[in-house]
Amino acid sequence: MTHWVTSIVRLILIGSLVVFIPNVAAESDLTSVRLQLKWTHQFQFAGFYAARQQGYYREAGLDVTILENEPERDPTEVVLSGDAEFGVATSGLAIHRAEGKPVVVLGVIFQHSPYVVLARTGHDLRSVHELAGKRLLLEGGAEELISYLRMERVPLESIEIVPHEGDVAALLEGRVDAMTAYTTTEPFHLQRAGFPYQLLNPRSSGIDYYGDTLFTTEAVLKRDEAMVRAFRDATFRGWRYALDNTEEIIDLILEDYNPEASREALRYEAREIQRLMIDSLVPPGHMYEGRWRHIVNSFAEAGLISPDFSLEGFLYLPEYEGQNPANLTMIYTILSVSVIISVLASIIMLYFHRLNYRMRLEIEERTLLEQRLRELARTDFLTGVMNRRHFMEVAEQEVSRARRYDKSLSVLMIDLDHFKEINDLYGHAAGDQVLVAFVRECLRLLRDEDSLARMGGEEFSILLPETALEQALKVAEKLRKAIEFNPIERTGGSSISLTMSVGCSELNEENNDIEMMLSKADQALYHAKKMGRNRIDS
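The paragraphs below set out a description of the structure included in this document. Just so you know, the residues in each chain are numbered from 1, in the order the chain's sequence is written. Per-residue local features of the predicted model are confined to residues with pLDDT of at least 70, and side-chain atom pairs are confined, for both listing and counting, to 80 or more; whole-chain, interface and lining totals are unaffected and use all residues. Note that the side-chain values use all heavy atoms of the structure and ignore hydrogens as well as water.

Strand pairing follows a simple DSSP-based rule, namely that at least 2 bridges must link the two strands. We count a stretch as a helix when DSSP gives it H or I for four or more residues in a row; a strand needs E for two or more, and each element gets its number in order from the N terminus. With mixed pairing, the five strands of this open sheet are ordered in space as β2-β1-β3-β10-β4. Edge strands, defined here as strands with exactly one partner in the open sheet, are β2 (62-67) and β4 (103-108). For this sheet, the mean angle separating the axes of adjacent strands, direction not counted, is 30°. With three bridges joining them, strand β3 (residues 86-89) and strand β10 (residues 213-217) adopt antiparallel strand pairing. Following the sheet pairing, Val88 is matched in β10 by Leu214. Each axis is a line fitted through C-alpha atoms, and for a helix only the stretch in contact is used; angles between axes span 0 to 180 degrees, taken between their N-to-C directions.

Within this analysis, patches are made of residues with over 30% relative accessible area and no salt bridge. Like charges are joined at 9 Å or less; nonpolar side chains (Val, Leu, Ile, Met, Phe, Trp, Tyr) at 5 Å or less. Where accessible areas are quoted, they stem from the Shrake-Rupley method and a 1.4 Å probe; at the residue level, only the protein chains shown are allowed to cover. A pairing counts as a salt bridge when a side-chain nitrogen of Lys or Arg comes within 4 Å of a carboxyl oxygen of Asp or Glu. The charged-residue count follows a simple rule in which Lys and Arg add positive charge and Asp and Glu add negative charge, with His and chain termini not counted at all. Every charge is mapped to an atom, namely NZ of Lys, CZ of Arg, CG of Asp or CD of Glu. Side chains of Glu68, Glu70, Asp167 and Glu260 sit close together on the surface and give a patch of like negative charge. Locating Glu70 in the fold gives a position in the loop between β2 and α4 (75-80). Burial classification: accessible surface area is computed with a 1.4 Å probe over protein chains only, and a residue below 20% of its type maximum counts as buried, one above 50% as exposed, and the rest as partly exposed. Exposure remark for Glu70: the relative accessible area of 49% places this residue in the partly exposed category.

Applying the stated criterion across every chain, the model contains 30 salt bridges. Note that Arg135 is salt-bridged to Asp177, the shortest N-O span being 3.1 Å. One end of the pair, Arg135, is in strand β6 (residues 135-138); the other, Asp177, is in the loop between α7 (169-172) and β8 (178-182), with 42 residues separating them in the sequence. Across the salt bridge formed by Asp424 and Lys420, the nearest N and O atoms sit 3.0 Å from each other. Taken together, the residues Asp424 and Lys420, both in helix α16 (residues 419-426) and four residues apart, mark about one turn of the helix.

What follows is the structure, encoded as structure tokens:
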């Protein structure tokens, strides 16, 4: 009995070893490769996580290490340096290829690029053209947005470039006016913060780039094309799974990848990514040579690439096994029509946007003109102080206020002595210079609540709220002395001595309105001049 049990146990152990040994062998046969992400862990890379979690990479004979990125590190350079076999980048890969870097596109993840500029709102920043003179948070590898700015004739040298920090803090804190961003991520954080923003999208100008793109190098492809194809196919199989099981993959990201994003942020990102991938129509990884040519032409128009750039060797487009040519033709047709409609819609939107922009400018210019005309109608053109009409309006209001609150109110009438002789001796230009200098000196000595007006010629009036006659006489004396003992400097170095005569009156039962007050002050002024000028009377 014991021998029989021992035999059974021995058989079980042997069987276990037989099962275990092939598994160990399979594990040791896996080819190790590295994938360099474009950003930190988030749903943007869900397909890669799914392919590893579901065992698709293992089935393809691969042991894949997924490398998180940092804001200022270019995944293209990481792959080119040999520190990773595969990477995720943007349509800007075409520019790298044109520069002689042997990058090869394996497939497209996002059919539309999420790359945009997010900007604060404000009357001085309402379109991409008004980025000139503003501060822009710009990340590396932003060739798409640089192309967008150039095509919109926004000179980069006119923008203050600030290195990207990897989040929206600089925009929220007002340290920058705009930032490069993905529609899948940053808008969520701005909305949660209640921050008003606007989205400047290249698609509004008819520029429709591919988004995240899977790539490798010619050297890796030449060394092991079968491995490259296996990685590519397993990756896009993973993307199909991720799109069909978003909540499961969000759980996986939260549990295994410690993302900075919350569950709500990942859900927001997943919804936006499904829209960008057009997953209901186009299979993950699909790309079209004609669309790439359109993208290259956009870069060429912006001066970022030669118009003669060849796509040969840049795109890895092996024949799809089992693919129905009729289906491919239908997809190409639908995509082509979609792109045409998108471009036409963008052109129409751009036309009306620019039309509205011009209309807003015209309205603003007209408003500023009307405002300026109103100011001119109320202001003395030479000295910039109130004219007689505006002074009378203000004075009537001050009289009403003084009566209502039982406050004092006084007025000064001022005449510059012998001003005609200044014009005759030095010329009218010098006379104008004297008037401007006189006003400047008065404004220096008066309070903010006092009102100075040029009533005509060399005659001025000053309204002094909450000031009784006795105090008004002291103000007049201070002004008289300042003018008498401070000759006015002329252009060229010479100076002109100046004196003034002043008449004062205050609001009382006899002088019960501004007309009566001015009449009384004018009588006092006449008496001061008659007594020899450079005097004050009341």
